[in-house]
Every structure is written in C-alpha cells, then in structure tokens.
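# Examination of the molecular architecture
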Amino acid sequence: MHDRPERGDEALFKTAGWAVYQCVNGCVHVRLNHVVLTFSGGEFAQLAKLIADAYVRLGVRAAVSTIGPH
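Below, the structure is looked at part by part. What you see is a predicted model; the values in this text were computed from it and never measured. (Residues numbered from 1 in each chain as written. Predicted model: local features only at pLDDT ≥ 70, side-chain atom pairs only at ≥ 80, totals over all residues. Heavy atoms only, no water.)

## Considering the sheet that holds strand S3 (residues 28–32)
Taken in spatial order, the four strands of this open sheet run S1-S2-S3-S4, and their pairing is antiparallel. Looking at which strands have only one partner, the edges of the open sheet turn out to be strand S1 (10–15) and strand S4 (35–39). Direction aside, the axes of adjacent strands within the sheet are offset by 15° on average. Bridge analysis of S3 against S4 gives five bridges, and the strand direction is antiparallel. Paired with Leu32 across the two strands is Val35, which belongs to S4. (Pairing = 2+ DSSP bridges. Helix = DSSP H or I, 4+ residues; strand = E, 2+ residues; numbered from the N terminus. Axes fitted to C-alpha atoms, helices over the stretch in contact; angles between N-to-C directions.)

## Some details on the side chain of His29
Following the sequence through the fold, His29 ends up in strand S3. Taking the relative accessible area as the measure of exposure, His29 reaches 4% and is therefore buried. (Buried < 20%, exposed > 50% of the residue type's maximum accessible area, 1.4 Å probe, protein only.)

If you want it as structure tokens, here you go:
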C-alpha cells in the first residue's frame, strides 16, 4: 500500500493523518502520517491486543499513583 489507499481498499478508521485500511488482498494497513505498517489479519489482531493491554496497564498505573494513605 502506498501513502494513499488504492481503489477497492476499505477504510476501517480514518482521522487527520492516521488511518487503518484493509486492502483487497486482505492485508491491514495502518497509516501514521507518512509511515505505513502492513499486517496480516492475525498480526493486526495481535497488535490490537498488545496495544489494548498496554493501554489498560497505563490506566491502572495512573489510577494507583493517585492513591494516597488514608
């Protein structure tokens, strides 16, 4: 995939400069400004879980850091 999606690609999510597309070959392309990462469906699922788990841990860490003595 190039900087722009090809005809037939499906935009799964899009925002200014960032996007996630699935091409007609089934690959998932994550565009972050001028960087495009390409994954198989399974690889993308692993990445999504990794990021989701990290996001939860960051939230827990932030919540725990605000707990003070009673």
